[in-house]
Amino acid sequence: MNYNSRKLPSRETLARAQRFNDDIVDVSGVDLVLSLITTADLIRDNIYAQLDKDYGVSEGKFALLMSLFSEGETCASDLALRIGVTPATVSVMVKRMLAAPEPLISMSKSGDDGRSRLITLTHTGEKLIQNALPNHLKSIRAFAQVLNSQEQESLILMLRKLLRK
């Protein structure tokens, strides 16, 4: 989807929509949330497209690799919690990543019974993160550059306030 060309409904359209029922709609609040969603989609689309282009890593793979990079080896269920997906999703991701010609992760048995498995970064995975992370952070920072440092700090506080709901 091309988020740059996505056209959000105008405030007038939103105000007209509230006439369809008896509820009073806070047009500013709706406009705010739609703008936040579109902005977040645009940012994610751009930064992860760049990451995929430069390093061949999707958003999900990068989240998994970053979790292992920052927290160290772990079992699949803990990894799923860390990156916000189901254990089944992690299982599929891990199987695909292990089947790669040059795997970015490895898996080993854990515990006495051998049923549990620990997932960790390979040397190749560590190198990929170390190479990709500086450019990834630059891509993220580039979106904030339209705001001065005071505006950035104010927006951070406002967004954190919304997240506490």
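Residues numbered from 1 in each chain as written. Predicted model: local features only at pLDDT ≥ 70, side-chain atom pairs only at ≥ 80, totals over all residues. Heavy atoms only, no water.

Trainee: Talk me through a nonpolar patch on the surface; I want residue IDs and the actual numbers.
Mentor: Taken together, the side chains of Leu32, Val33, Leu36, Ile37, Leu155, Met158, Leu159 and Leu162 make up a nonpolar region of the molecular surface, amounting to roughly 620 Å² of accessible area. The set of elements that each furnish at least two residues to the nonpolar patch consists of α2 (27-55) and α7 (149-163). Positionally, valine 33 belongs in helix α2. (Patch = residues over 30% accessible without salt bridge, like charges linked within 9 Å, V, L, I, M, F, W, Y side chains within 5 Å. Areas by Shrake-Rupley, 256 points an atom, 1.4 Å probe, with all protein chains shown as cover. Salt bridge = Lys/Arg side-chain N within 4 Å of Asp/Glu carboxyl O. Helix = DSSP H or I, 4+ residues; strand = E, 2+ residues; numbered from the N terminus.)

Trainee: An account of the pattern of salt bridges is needed here, citing residue identities and associated values.
Mentor: Side-chain pairs of opposite charge can arise where the charged atoms are in close proximity. Scanning the entire structure with this criterion turns up one salt bridge. Note that glutamate 59 is salt-bridged to arginine 44, the shortest N-O span being 2.3 Å. Of this pair, glutamate 59 sits in helix α3 (residues 59-71) while arginine 44 sits in helix α2, and the two are 15 residues apart along the sequence. Glutamate 59 gets classed as partly exposed once you look at its relative accessible area, which sits at 29%. (Buried < 20%, exposed > 50% of the residue type's maximum accessible area, 1.4 Å probe, protein only.)

Trainee: Go over the side chain of threonine 122, please, and point to the residues and values.
Mentor: With respect to the secondary-structure elements, threonine 122 resides in the loop between β2 (116-121) and α6 (123-144). Those residues in contact with threonine 122, other than ones at most four positions away along the chain, are Pro103, Leu104, Ile105 and Ser106. (Contact = heavy atoms within 4.5 Å.)

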